[in-house]
Structures are given as structure tokens and as C-alpha cells.
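Listed here are the chains, written in short residue letters.
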Amino acid sequence: MYSIIMNTLRVGIAKLIHDGNFGRKEFDEGPDVMENGGLYPLLESLGVTVTETKTAKLTPEEERQYGTINRFGLAGHHLAEIVSTQIRQGNFSLGLLSNCVGLTPMLAGVQLAGEGRPLKVGLVYFDAHGDMNTPETTMSMMMGGMPVAISCGLCLNRLRHQIGLEIPLPSKYVTFAGVRDTDPLEQEIIDNSNAELISVKDIAQLTSNIDEQMARLSGLCDHIYIHVDTDVLNPDEVPGHNTQVEGGVTSRELADCLEKMFKYPKTRAFGVASLPTSGDPERLALKAVYRMIEGVIKGVKAR
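Residues numbered from 1 in each chain as written. Predicted model: local features only at pLDDT ≥ 70, side-chain atom pairs only at ≥ 80, totals over all residues. Heavy atoms only, no water.

**What to know about the overall build of the chain**
If you tally the helices and strands in the chain, you get eleven helices and nine strands. Relative to a compact globule of 303 residues, whose C-alpha radius of gyration would be 19 Å, the chain shows 17 Å and is just as compact. Projected onto its principal axes, the C-alpha positions of the chain cover 50 × 45 × 45 Å. Relative to its full complement of 303 residues, the chain shows a buried share of 58%. The long-range fraction of contacts in the chain, counting pairs at least 24 apart against all pairs at least 6 apart in sequence, stands at 73%. Carbon and sulfur atoms form 51% of the exposed surface of the chain, whose accessible area is close to 12,200 Å². Across the chain, the centroid of the 28 positively charged side chains sits 7 Å from that of the 38 negatively charged ones. (Helix = DSSP H or I, 4+ residues; strand = E, 2+ residues; numbered from the N terminus. Rg over C-alpha atoms; globule rule 2.2 N^0.38 Å. Buried < 20%, exposed > 50% of the residue type's maximum accessible area, 1.4 Å probe, protein only. Contact = heavy atoms within 4.5 Å. Areas by Shrake-Rupley, 256 points an atom, 1.4 Å probe, with all protein chains shown as cover. Lys, Arg positive; Asp, Glu negative; His and termini not counted. Charge placed at Lys NZ, Arg CZ, Asp CG, Glu CD.)

**Remarks on the packing of aromatic side chains**
Applying the stated criterion across every chain yields a total of three aromatic pairs. Pairing Phe92 with Phe262 gives two aromatic rings, centres 5.7 Å apart and planes at 75 degrees, and the pair type is edge-to-face. Of this pair, Phe92 sits in strand 4 (residues 92-97) while Phe262 sits in the loop between helix 10 (251-261) and strand 9 (267-273), and the two are 170 residues apart along the sequence. The exposure classification of Phe92 matches that of Phe262, with both residues buried. Between the aromatic rings of Phe262 and Phe270, the centroid separation amounts to 5.8 Å while the plane-to-plane angle is 90 degrees, which identifies the pairing as edge-to-face. Side by side, Phe262 and Phe270 carry an identical accessibility label, which is buried. By the ring-pair criterion, three or more aromatic residues cluster together here, those being Phe92, Phe262 and Phe270. (Phe/Tyr/Trp six-rings, centres within 6.5 Å; stacked < 30°, edge-to-face > 60°.)

**Side note on unusual backbone geometry**
Unlike most non-glycine residues, Asp131 shows phi in positive territory, near 50 degrees. Along the chain, Asp131 turns up in the loop between strand 5 (121-126) and helix 5 (147-151). Positive phi outside glycine occurs at Leu206, with the angle close to 50 degrees. Relative to the assigned elements, Leu206 resides in the loop between helix 8 (200-205) and helix 9 (208-220).

**Focus on the pattern of salt bridges**
Taken as a whole, this structure holds twelve salt bridges when the rule is applied. Between Arg24 and Asp19 there is a salt bridge, and its shortest N-O distance comes to 3.1 Å. Asp19 sits in the buried class, given a relative accessible area of 4%. The salt bridge involving Arg117 is made with Asp222; its shortest N-O contact spans 3.3 Å. Of this pair, Arg117 sits in the loop between helix 4 (103-111) and strand 5 while Asp222 is found in the loop between helix 9 and strand 8 (223-229), placing the two residues 105 residues apart along the sequence. Given a relative accessible area of 23%, Asp222 falls into the partly exposed group. Salt bridges linked by common partners bring Lys15, Asp32 and Glu35 together as one network. (Salt bridge = Lys/Arg side-chain N within 4 Å of Asp/Glu carboxyl O.)

**Here we look at the side chain of Thr243**
With respect to the helices and strands, Thr243 occurs in the loop between strand 8 and helix 10. A distance of 2.8 Å separates polar atoms of two side chains, one belonging to Thr243 and the other to Asp231. (Polar contact = N/O pair within 3.5 Å; in protein donor to acceptor, adjacent residues only side chain to side chain.)

**Considering the packing of helix 3 (residues 68-88) against helix 4**
Direction vectors running N to C along helix 3 and helix 4 enclose 40 degrees, while the axes themselves pass 7 Å from each other. Remark: the crossing between helix 3 and helix 4 carries right-handed chirality. On helix 4, the residues touching Phe72, Gly76, Leu79, Ala80, Val83, Ser84 and Ile87 of helix 3 are Pro105, Met106, Ala108, Gly109 and Val110. Here the residues of the contact of helix 3 with helix 4 sort into nine nonpolar, three polar and no charged. (Axes fitted to C-alpha atoms, helices over the stretch in contact; angles between N-to-C directions. Left-handed = near helix turned anticlockwise from the far one by under 90°. Nonpolar A, V, L, I, M, F, W, Y, C, P; charged D, E, K, R; others polar.)

**Quick notes on the pairing of strand 5**
Among the six residues that make up strand 5, six are buried, leaving the element largely enclosed by the rest of the structure. Covered by surrounding structure in strand 5 are Val121, Leu123 and Tyr125 together with Gly122, Val124 and Phe126, the residues of both alternating faces. Sheet topology note: the strand 5/strand 8 ladder contains six bridges and is parallel. The residue of strand 8 that forms the bridge with Val124 is Ile226. As judged from the four bridges shared by strand 5 and strand 6 (residues 174-177), these two strands associate in the parallel manner. Its bridge partner being in strand 6, Leu123 is matched across the sheet by Val174. (Pairing = 2+ DSSP bridges.)

That's the geometry; what it means functionally is another story.
What follows is the structure, given as C-alpha cells:
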């Protein structure tokens, strides 16, 4: 369980700056912006003690290795170690992630946070996209479109093992949230899976499906990880995001939904990915991220 003493919650921050996608810069600025744009004063105002902030980094020996996926896998393994240690030490783990490739390391960290056996981990995945593509179905070849498929053992199993997610998630442990844009073959995979869905309407109106899905995952799993790609929001709150999709939710609606979800005691970690760092002079996306984090902390502290 978390350490909440005199209404102070202990939080460990875990950062992944490796991008993991072909043809892009190796490192993403988003996690540093999320950390240094006002996060610490926000957490302090919410009665949070930040016990540590750690960034997944390659060792000097690993730095001599090459290959986009290989180097991401090495960094992802270190992120999993950071997250699992934070949770075992009684901290709530807050992941600041370059993009959704950080999903598998976060899940690995939660899975490895038990004593002696891998834990059953449930996933609530907030994203405008399903990210359930494989190399055989993708139309873009973006690694960022595959992390749920990777985590469920549908592709790139060597990478999943390298990161440390030894046991893939059964699809029944997955709840998609806010998804509204999928590729045709990707949708076929989702339709043939046992994953379930929280709609944009469910989020905006806080329907009973929110509690139904949280109760379902709580009954199936030891721990639950909740992941947000900022493109689940309406485009006007994430200017500069390169995968915007119309018809999303507001950050206030999402924050209220997260607060409700994190009242469930099996939620042990939260990760937010894909902060646009250009094309947003008013920092609307950063403000939206902090609004979400505030909702998460309020939910955890309300248990």
C-alpha cells in the first residue's frame, strides 16, 4: 500500500525520454518539460512528498550499443526497474513519458512490483487511437501505434522480454478509453480481443461504465496501471500534437474521470505521454497534464 502519513502522499517520479520511433530524434523533450514546468509546486500544494525523480538512462556499456529498438528496450528495462522499486517502497509511481512506447516499461514495472511472482496487471488506456497495431497491420510503421499489441504479446516479443514484461497482458485485462481512430486491420484485432471500452461519452458524463470497468479490472488483477496519451483530449487543448483527433474530451472531464478511477485501491501507477513541446505558446497542453495529475492525486488521497 502507499505511504500516506498525516495526509501526505509519497510519490516517485519515473521518466522515459527515449523516443523509440524510427526516423526521429532519440530523445524527447516532453518529460523534462512536464517535470520542470511547475509540477513540483503543484504536488507540494496537493500534500505530496516527492521521494525521488529518476530518468531511465543507459549504462556506459549500453551506450556503445546501437539500433533504435534495441536502445529503447535497454532504456525501457531501466524504467521498469525504477517503477517496480518505487512501488515496492510504498510510493505511488508517476510516469512522465516521451510517448506511448513507454506503456510496456510502465506495465513491466508494475508487474514486477510484487514479492516472488509477477503480478496480474490491468490497464486502462486513454488514447484517441487503439495502438493495437502490429508490424503486419500498421499503415504507418510507427512504434507509437503498437504498444498495446506489444504488451499483449501480439508482436515484438523480444523487445517485450528485453524490457521485462515477461508475461503479456491477456486482452481481457485491457480497457480502452476515448479511442475513436483505428486502422482497419487494427480494429479487427480489437474486435477479436476480449478488451473492453470506455467511450468519450462515458468519460465526459462519468457514466456507470467507469465504475463497472474499474470493478471488472479490480476483480481480475492485482494492480492497475492507467495511461494517458494527451491526444485523447480535444485538439484545442493539445496544439502542436501530431496525432490530434476531433471529438475528444476536455482535460477537466478527464481529470474528474481520473479522480474517480484512482479512488480504487488497486491503481498503483499513472503515466502521461506525448506532450507537444512546440506549437503551443500558451502551454495549454502542459496545463492540461497538470490538471490530470491533480485529479489523480485527489483520487488516491480520497481512499
